[in-house]
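# An overview of the molecular structure
This is what each chain is made of:
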Amino acid sequence: MADLVRAMNPTATISNAEEAKAAARASAIAIFLGVIWGIVGIVWLMGPGGAVMEAAMADAASTSPETAGMTEMMAGAAIGLAGVLVVIQLILGLVQWFKPNIVIPILFTVLVVYGLGSTVLGMVMADQMEELGASAAAAPAWQIWGGIAVLVVQLILHIAAIRGASALRKFRDAQAY
């Protein structure tokens with residue numbers, strides 16, 4: 001366990017294959033953290049967040065009567081899509097845990113950087129969007145700031161995993177000769 005905690009440090013030196021494997025597994029831990037945060041989001045959407053989302057959709061549908069009946073279906077589709085994405089994350093996390101590679105940490109690093117960028121841009125542009133008359137379901141502050149914190153931790157862990165997976169490949173190639 002101490003090796004795993006040490007391996008999560010993206011600046012730690014990697015001197016053998018076991019340390020490299022532990023560092024590569026840091027990506028799986030980051031993915032599992034994202035799965036937990038995704039489940040929290042789904043639970044919130046099924047509770048009070050669903051009401052906020054449906055109210056925002058109903059407000060948008062009030063300008064267009066033909067879309068008024070679609071708000072409940074769209075809310076259900078959003079929850080279903082979120083559930084599917086959480087399951088896909090869980091599968092990729094298990095793959096990374098049992099068979100560490102470099103592709104999954106790189107993919108998730110790109111997704112995390114995109115998530116951080118879009119979250120920050122959304123926060124910066126929120127006032128301007130309201131001035132244009134756009135109404136959107138506002139997430140509570142705990143969800144926004146919690147999401148940013150989760151994304152930052154995930155980014156650190158994925159960077160450590162990229163280093164670990166790269167070192168693991170080098171150790172495996174050296175053993176092959």
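Structure report, in brief. (Residues numbered from 1 in each chain as written. Predicted model: local features only at pLDDT ≥ 70, side-chain atom pairs only at ≥ 80, totals over all residues. Heavy atoms only, no water.)

In terms of regular secondary structure, the chain is built from seven helices and zero strands. Along the chain, helices and strands appear, N-terminal first, in the series α-α-α-α-α-α-α. The proportion of buried residues among the 177 residues of the chain is 32%. Here the contacts in the chain between residues at least 6 apart in sequence split such that 79% fall between residues at least 24 apart. Of the roughly 10600 Å² of accessible surface on the chain, 71% is carried by carbon and sulfur atoms. (Helix = DSSP H or I, 4+ residues; strand = E, 2+ residues; numbered from the N terminus. Buried < 20%, exposed > 50% of the residue type's maximum accessible area, 1.4 Å probe, protein only. Contact = heavy atoms within 4.5 Å. Areas by Shrake-Rupley, 256 points an atom, 1.4 Å probe, with all protein chains shown as cover.)

On the surface, L81, V84, L85 and I88 cluster together into a nonpolar patch covering about 360 Å² of accessible area. Note on placement: I88 falls in helix α5 (residues 71-98). (Patch = residues over 30% accessible without salt bridge, like charges linked within 9 Å, V, L, I, M, F, W, Y side chains within 5 Å. Salt bridge = Lys/Arg side-chain N within 4 Å of Asp/Glu carboxyl O.)

On to the nonpolar core. Core analysis: the largest hydrophobic core is formed by five residues, namely A26, A30, L157, A160 and A161. Where this core is concerned, the elements lending two or more residues are α3 (26-46) and α7 (141-176). Sorting elements by how many residues they give to this core places α7 first, with three residues. In this structure A160 touches A7, M8, N9, P10, A23 and A26, once residues within four positions along its chain are discounted. (Core = buried A, V, L, I, M, F, W, Y, C linked by side-chain atoms within 4.5 Å.)

From the geometry alone we can't say anything about function, so treat these as descriptive.
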